[in-house]
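Analysis of the macromolecular model
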Amino acid sequence: MDYSVKEISDIIGAEYQSIHDRKISHLLTDSRTLSFPETSLFFAIKTKTNDGHKYVDDLYRLGVRSFVVTDEFPGLYGKMPDADFLFVKNATDALQKLAACHRRRFSIPVIGITGSNGKTVVKELLYQLMRTDFNIVRSPRSYNSQIGVPLSIWEMNGQHTLAIFEAGISKPDEMDRLRPMILPTVGLITNIGEAHQENFSSAKEKCMEKLSLFIDCSVIVYNADDKPIEHALEAMCLSYKAIGWSRRDADAAMFVNSIEKGATATKLRCTTLGIMHEYIVPFVDDAFIEDIIHCMAVMFYLNPPGITGKDDVFASLEPVAMRLEAKDGINGCRLINDTYNSDINSLHVALDFQQSRRADRSLKTTVILSDILQTGMTPKSLYGKVAELLGRKRTGRLIGIGPGISEYGYLFKGMETAFYGSTSEFIYSFRQDMFRDEIILLKGSRSFHFENITALLEKKVHETILEVNLDALIHNFNLYRSRLHPKTKMVCMVKAFGYGIGSSEPAKTLQERRCDYLAVAVADEGKDLRREGISIPVIVMNPEPGSFPLLFDYMLEPEIYSFRLLDALVKDAARRGITSFPVHIKIDTGMHRLGFEPGDVPEICRRLKMQSGLVVRSVFSHLAGSDLPEFDDFTRKQAGIYSKAASALEKGLGYPVLKHILNSAGIERFPEYQLDMVRLGISLYGVSASGKMDGLQCVCSLKTVILQIRSVPRGDSVGYGRRTFVARDSRIAVIPVGYADGLDRHLSNGTGEALVRGKRCPIVGNICMDTCMIDVTDVEANEGDRVIIFNGELTVDELARKTGTIPYEILTSISPRVKRIYYRE
């Protein structure tokens, strides 16, 4: 839903200074997330650590023309005469006013979730459970703050039939600002813990502050066994329908009759309105079970078709991606890493998780715990409670890190203990033999940087990794976006496992940046993206008749390239009762791969008009030589053929369709053919398709380590087949990367190189399946040193040239056994 700048100015009560009354569809508070400059409104928010006004100049250069600024900074803007400026007293207030106005335009059910822990998990579980019955808009990730909530609300549009938003607070009166924006019709409070307690006079005050979100709710879901919540609700005298669930009170709105845990699943029996229900849930952790019970109560109220008469509705739930993660550790250990929350409640949850992973009861449990911050309790009382909790959970060993927990170490009795003043002190004292055959819980406040401890304790598997820089991916996406006309959409290609770098993480990053479309080669790739939470449109470029069920079940939009495929899909859609399913028509204009002939357009239109199952979303073609200047005439010929066919198709169908013909090289070299949409492929990943695009950043680096360094005398051979003989006494390093990892064997015997300590070292001998050898005679290299196979200096383009292939093949050949590590700067 678009707003004009003038409308927004009136809503937020701004002083309006404008030349153009532009349309706004995107709100921007972080300059690093810019995707649609022409339709973005930037709020220059001032915080204790930063000032958004510093980024106005850069954003203007990137194409942003609409800004909300404070009246304290009037001097900067004279050099931006074509920009729109809305002057306000406080940019955060303005953002929230706009979100509140936007929210009031919709009358759909809105679930508001608050509490100390579990908000994000409950939200995501509800989404999994009800996404087939509702078109759901929900808070991205944990967008529950004073900035995150309005950005979440802005995502609401007329297509949504249900909204789920989180609300988080850390001090009094914050909920008064969030409530007008969320305006929930259904309220859900998870629990009340001790996080941020220092900002409230009592736990009751904090509980009532959170519950104030629900002043206008028609129904509130809560744990009736949580007496502080129940008493606070009574004290607030709210007018609402209570859905309190209980494990103790059989007269509760929802009574949990029994919870029977198995090895990997739990059987839940509950009674509501006199009817007992029995469900299997694929979790055994207490925290997840409580979260699911909250969801059950909400679903019994909303009563979506998906829950009626179905005993397996919860069985297919998938774990919600949290910051708590389990992984293999050194010496037979299992690591549980949790830095999501740092309070007593979350420690309780993490300890339950630790116990649930203790299949072998003989395994010792160790907790590595930092100081717990921001509780509002005295240190002695706090660590007394922690000691009691660890004792109840029969923790075998505690390693305390931080001055606070160390000072009160004497409170921890009945277990092995060791205390360190800081993380660095522990790392200095670390030995691998300190840990063996135990389950280790790392529970640390973020300021203690427990990721450094995790690096010491996690099991090292394959030393060869592909590092993927998501910031660089975003930069490249924005770079190409800045070259497009304001209304031109972009399809980002994530086929072939995201060109080798992995598809789900890049897809999630692109979705966050409001990419218009993603494209994959086959339906299975699209299914995997949907299961990873990708909700934006996905095109399947090479659909097969056997994949039709996946297309329909996962809302994957197929390319249609032949009458055989068209007829089969029409027939299957009719059999399933599906109408208006989006498809994309491919016209062959000279590539001679897949596609209809241009002369087929009248018959395509005739067949499509005889059915209601499919609707054409776009018509496109593929350029055969857009990267090569010598084929420019042929490219223009293709564009001409395509233009006529696309116009004929649109006219024959009687409704508008999106048109696109440009691939990566075409975007770089033929801006006149941008049309309605373009398709960005290899260039997104840092490789210019035409070789002429400046400003791209390297997205991925293939790295390994030196396993061993051998001294090889002059005249000896190295490797299989004795193809390389060293001409001098040499130091030869063995590295664990071979052709099974994707290192092309044509780089053998001096053709290829690797970087060690910034210096190029030739590959010697034939590349083996799992290893290869490099000459490090001229480098002060040591065993364990990092080795670069390719990065921004030793590029994929260079490897492709040396092997007589293309960068696409280099990237897509990287084996799945090479671990992908995604990071942000």
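Reference entry: report on the structure contained in this document. (Residues numbered from 1 in each chain as written. Predicted model: local features only at pLDDT ≥ 70, side-chain atom pairs only at ≥ 80, totals over all residues. Heavy atoms only, no water.)

Of the regular secondary structure elements, the chain holds 25 helices and 41 strands. Viewed in the frame of its principal axes, the chain has a C-alpha envelope of about 80 × 75 × 65 Å. Taking as baseline every contact in the chain between residues at least 6 positions apart, the subset at least 24 positions apart corresponds to 65%. Accessible surface for the chain amounts to roughly 35,500 Å². Of this, 50% is attributable to carbon and sulfur atoms. Looking at the chain, you have 101 positive and 103 negative side-chain charges, and the mean spots of the two groups are 1 Å apart. (Helix = DSSP H or I, 4+ residues; strand = E, 2+ residues; numbered from the N terminus. Contact = heavy atoms within 4.5 Å. Areas by Shrake-Rupley, 256 points an atom, 1.4 Å probe, with all protein chains shown as cover. Lys, Arg positive; Asp, Glu negative; His and termini not counted. Charge placed at Lys NZ, Arg CZ, Asp CG, Glu CD.)

Once that is clear, we can look at helix H6 (residues 174–182). Residues spaced three or four apart along an α-helix point in a common direction, a consequence of the helix completing one turn every 3.6 residues. All of the buried residues in H6 are Glu-174, Met-175, Leu-178, Arg-179, Met-181 and Ile-182. An end-on view of H6 places all buried positions within 165 degrees of arc, on one side of the element. Looking one or two residues past H6, Leu-183 carries a phi angle of roughly 40 degrees, positive in sign. (Buried < 20%, exposed > 50% of the residue type's maximum accessible area, 1.4 Å probe, protein only. Arc of directions from axis to C-beta.)

This brings us to the pattern of salt bridges. For the coordinates displayed, the defined rule picks out 39 salt bridges. Lys-802 is the salt-bridge partner of Glu-753, the closest N and O atoms lying 3.4 Å from each other. Highlighted residues: Glu-753 in strand S37 (residues 753–756) and Lys-802 in helix H24 (residues 796–803), separated in sequence by 49 residues. Salt bridges sharing common partners tie together Lys-123, Glu-124, Arg-138 and Glu-166. (Salt bridge = Lys/Arg side-chain N within 4 Å of Asp/Glu carboxyl O.)

Membership of the largest hydrophobic core comes to 111 residues, with the highest contact counts inside it found for Leu-518, Ile-774, Ile-789 and Phe-790. Counting 40 residues, the second-largest nonpolar core is a separate cluster that includes Met-130, Met-254, Leu-302 and Leu-317. (Core = buried A, V, L, I, M, F, W, Y, C linked by side-chain atoms within 4.5 Å.)

Turning next to unusual backbone geometry. The phi dihedral of Asn-331 falls on the positive side, at around 55 degrees, and the residue is not glycine. Relative to the helices and strands, Asn-331 is located in the loop between strand S17 (325–328) and strand S18 (334–338). Among the residues examined, Asn-331 registers a relative accessible area of 24% and is labelled partly exposed.

With that settled, consider the pairing of strand S22 (residues 438–443). One face of the sheet, then the other: side chains in a regular strand alternate in exactly this way. Buried residues dominate S22, accounting for 6 of its 6 residues. The alternating pattern of S22 places Glu-438, Ile-440 and Leu-442 on one face and Ile-439, Leu-441 and Lys-443 on the opposite face, and all of these are buried. Bridging between S18 and S22 involves 5 bridges; their strand directions are parallel. Directly across from Leu-335, in S22, lies its bridge partner Ile-440. The pairing of strand S19 (residues 364–370) with S22 spans 6 bridges and is classified as parallel. Paired with Val-367 across the strands is Leu-441, a residue of S22. (Pairing = 2+ DSSP bridges.)

With that settled, consider the sheet that holds strand S4 (residues 26–28). Taken in spatial order, the 5 strands line up as S2-S7-S6-S5-S4 in an open sheet, and their pairing is mixed. A single partner strand is all that each edge strand has here, and the edge strands are strand S2 (15–17) and S4. Neighbouring strand axes in the sheet, compared pairwise and without regard to direction, differ in orientation by 20 degrees on average. As judged from the 5 bridges shared by strand S6 (residues 66–70) and strand S7 (residues 84–88), these two strands associate in the parallel manner. The residue bridging Val-68 from the neighbouring strand is Leu-86, located in S7. Docked against the sheet, helix H3 (residues 91–103) engages S4, strand S5 (40–43), S6 and S7, running at close to 140 degrees with respect to S5. (Axes fitted to C-alpha atoms, helices over the stretch in contact; angles between N-to-C directions.)

Of all 5 residues in strand S40 (residues 786–790), 4 are buried, a share of seventy percent or more. For strand S32 (residues 700–705) and S40, the ladder comprises 4 bridges, and the chain directions are antiparallel. Its bridge partner being in S40, Leu-702 is matched across the sheet by Phe-790. Alignment of S37 against S40, held across 2 bridges, turns out to be antiparallel. Counted as the bridge partner of Val-756 is Val-787 from S40.

Our next topic: the packing of H3 against H6. Two elements in contact, H3 and H6, have axes whose closest approach is 7 Å; the angle formed by their N-to-C orientations is 35 degrees. Of the residues in H6, those touching H3 at Thr-92, Asp-93, Gln-96, Ala-99, Ala-100 and Arg-103 are Arg-177, Pro-180, Met-181 and Ile-182. Of the residues belonging to the contact of H3 with H6, the class tally is 5 nonpolar, 2 polar and 3 charged. (Nonpolar A, V, L, I, M, F, W, Y, C, P; charged D, E, K, R; others polar.)

Turning our attention to the environment of Asn-766. On the secondary structure map, Asn-766 appears in the loop between strand S38 (759–764) and strand S39 (772–775). Distance in space between the C-alpha atoms of Asn-766 and Lys-527 is 39 Å, their sequence separation being 239 residues. The contact partners of Asn-766, leaving out residues within four places of it in the chain, are Tyr-720, Arg-723, Arg-745, Ser-748, Asn-749 and Met-773. Separated by 2.9 Å, the side chains of Asn-766 and Asn-749 make a polar contact. (Polar contact = N/O pair within 3.5 Å; in protein donor to acceptor, adjacent residues only side chain to side chain.)

Let us now look at empty space enclosed by the protein. In the structure shown here, the tally under the stated rule is 4 cavities of 30 Å³ or more. Volume-wise, the largest cavity comes out at about 50 Å³. Lining of the largest cavity is provided by Leu-702, Gly-742, Leu-743, Asp-744, Leu-747, Ile-789, Phe-790, Leu-799, Ile-810 and Ile-814. For the lining of the largest cavity, the class distribution of residues is 8 nonpolar, 1 polar and 1 charged. (1 Å grid on protein atoms, 1.4 Å probe; cavity = no way out; pocket = protein on both sides within 12 Å on 5 of 7 lines; lining within 4 Å. Points joined across faces, edges and corners; volume = space filled by probe spheres on them.)

Purely spatial values, then, with no claim about function.
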